[in-house]
Amino acid sequence: MGSSTWSVEKRSGLRSDSFSKDIDNVPETGCLSIIVLGASGDLAKKKTFPALFNLYRQGFLHSNEVHIFGYARTKISDDELRNRIRGYLINKDATSEHSEEVSKFLQLIKYVSGSYDAEDGFRLLDKEIAEHEFSKNSQEGSSRRLFYLALPPSVYPSVCRMIKLCCMNKSNLGGWTRIVVEKPFGKDLDSAEQLSAQIGELFDEPQIYRIDHYLGKELVQNLLVLRFANRMFLPLWNRDNIDNVQIVFREDFGTEGRGGYFDEYGIIRDIIQNHLLQVLCLVAMEKPVSLKPEHIRDEKVKVLQSVLPITDDEVVLGQYEGYTDDPTVPDLSNTPTFASMILRIHNERWEGVPFILKAGKALNSRKAEIRIQFKDVPGDIYRCQRQGRNEFVIRLQPLEAIYMKLTVKQPGLEMSTVQSELDLSYGQRYQGVTIPEAYERLILDTIRGDQQHFVRRDELKAAWEIFTPLLHRIDNGEMKPIPYKPGSRGPAEADELLSKSGYVQTHGYIWIPPTL
């Protein structure tokens, strides 16, 4: 393959091309059953089933070995579920080939209706799965069952009990039973620990996959490669060279029909405590002993355990004007729709470097990025500090890109300097390559048994230990969000906090995504 040509090839199996030998030494030969619980809900229709379809059309799921079961309380037929899903798999511009692939995929789906806390429905589900396994001549002990809980966390304990009681399979010949659970994993430390204990009584940690879809994003998965496969970053990635780190999530729309759900959690629980904190771990962690999942997760836990308590004077909360107009939101809601805060890591590498985590809704732009700002050049003979510092920026979404802001000579006869960039924009560099959705990658990881991109129990506990005191102060009304106008940058106090942290704004420079 030439250096300028990129293509996506269909895969011949479910095992990873690299590192898979470290995951499981028992050959997997039995058929695969994927059970989507909550199959009639929005998450399943918009994310889970489309991800499974894309894995199917790329050759990662084979019709001769996999069957998909939907389970929910809604009383509908197989065809009714298939018709509900079809609209999320196909669009008006779809080719006849694509439509045919959709039809073939939908025939792999069977629906079972039942309660989430009674045995009858789960006994019937187990019977249907067993019939599929028998039809594929799967040897007892070799079949694989993946349960995806596209459900609210309140029903996790009862569903897990029913799975354990009614739907487990033997695993002595390479077979397994695994469960995937969605965030939120609790609302604070106590509730998260209670939920972990309830699930942990039923399943071993290697069977539990706590999914955080940010860990499946292409540029997030690139972080460790960038850091540890490039010599140029190794001596720079520390407090001697880096002044501050920003991890930012912005949305240009409000809660839009999710007000009731969002008000129960708020922006910190919804975005910062999980998505942004996971990114922080990958930016700040030490090099793991190997690429084995447990070695990587060990280093992430060490970072979390080194984070100092968050102080109120390094937190800015906001709530956009009009948020409480939503009839599902209480008139006197204290829930923040915006938060900016400084986390400080007490270790040799990061002592004194502020990590600014910022997330908000109804802002002036939509983006998620990591912005690493370096210190000023000592003995600056070109006197170009006013133009801005070097920055390494990883744009997670939209328009995935990695670029380095640096000072160069402005073309011409005069010796003047200007800020420019070294740019790796994915749309330009990898033309014709479709970047997979996070859910595709993470579901494939669960099938392969790779837990690298999933949250371990002690990691979850350490994350909640950081944020629970702050969240309780907000819940008790001790901290109030500042009103801000929709379409703005958020509260002005957030910019003041950013300046206080040491961030130096670059004036006159705007990164423009390159055109194809």
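(A) Here's a closer look at the side chain of Gln-207. Locating Gln-207 in the fold gives a position in the loop between helix H6 (189–200) and strand E6 (208–211). Ignoring sequence-local partners within four residues, the contact set of Gln-207 consists of Met-168, Thr-177, Arg-178, Ile-179 and Gln-451.

(B) Structural view of the pairing of strand E4 (residues 144–149). For E4, the buried fraction is high: six of the six residues fall into the buried class. Burial along E4 is two-sided: Arg-144, Leu-146 and Tyr-148 and Arg-145, Phe-147 and Leu-149, pointing in opposite directions, are all buried. As defined by bridge partners, strand E1 (residues 32–37) adjoins E4 across six bridges and the pair is classed as parallel. Looking at the pairing, Val-36 lines up with Tyr-148 of E4. With six bridges joining them, E4 and strand E5 (residues 176–182) adopt parallel strand pairing. Bridging across to E5, Tyr-148 finds its partner in Val-180. What joins E4 to E5 is helix H5 (residues 156–166), and the crossover it makes is right-handed.

(C) Spatial organisation of the confidence of the model for the protein chain. Taken residue by residue, the protein chain gives an average pLDDT of 86. The fraction at 70 or more is 91%. Ignoring residues within four places in sequence, the model shows residues 1–25, a span with pLDDT below 50, making 42 contacts including any to other chains.

(D) Quick look at helix H2 (residues 78–89). Between its first and last C-alpha atoms H2 spans 16 Å; for 12 residues at 1.5 Å apiece the expected length is 16 Å, and the two agree. For H2, the full list of buried residues reads Leu-81, Arg-82, Ile-85 and Leu-89. The buried side chains of H2 occupy one side of the element, clustering within an arc of 95° when seen end-on. What points out from H2, more than 90 degrees from its buried face, is the exposed set Asn-83 and Gly-87. Residues of H2 that are buried in the fold lie against helix H1 (42–57), strand E2 (66–72), helix H3 (96–106) and strand E3 (109–113).

(E) Summary view of the packing of aromatic side chains. In the structure shown here, the tally under the stated rule is 15 aromatic pairs. On the numbers, 5.0 Å between centres and 40° between planes, the contact of Tyr-261 with Tyr-265 is tilted. With Tyr-261 and Tyr-265 both in helix H9 (residues 259–284), this residue pair falls four residues apart, about one helical turn. The exposure class assigned to Tyr-261 is partly exposed, which follows from its relative accessible area of 34%. Overall, Tyr-265 belongs to the buried group, its relative accessible area being 12%. Lys-164 extends its terminal NZ or CZ atom over the ring of Phe-203, reaching a point 5.8 Å from the ring centre. Seen from the ring of Trp-176, Arg-178 lies directly overhead, with NZ or CZ sitting 3.8 Å from the centre.

The rules behind each value
Residues numbered from 1 in each chain as written. Predicted model: local features only at pLDDT ≥ 70, side-chain atom pairs only at ≥ 80, totals over all residues. Heavy atoms only, no water. Helix = DSSP H or I, 4+ residues; strand = E, 2+ residues; numbered from the N terminus. Contact = heavy atoms within 4.5 Å. Buried < 20%, exposed > 50% of the residue type's maximum accessible area, 1.4 Å probe, protein only. Pairing = 2+ DSSP bridges. Right-handed = clockwise from strand over helix to strand, strands pointing away. pLDDT = per-residue confidence, 0-100. Expected span 1.5 Å × (residues − 1). Arc of directions from axis to C-beta. Phe/Tyr/Trp six-rings, centres within 6.5 Å; stacked < 30°, edge-to-face > 60°. Lys NZ or Arg CZ within 6 Å of the ring centre and 35° of its normal.

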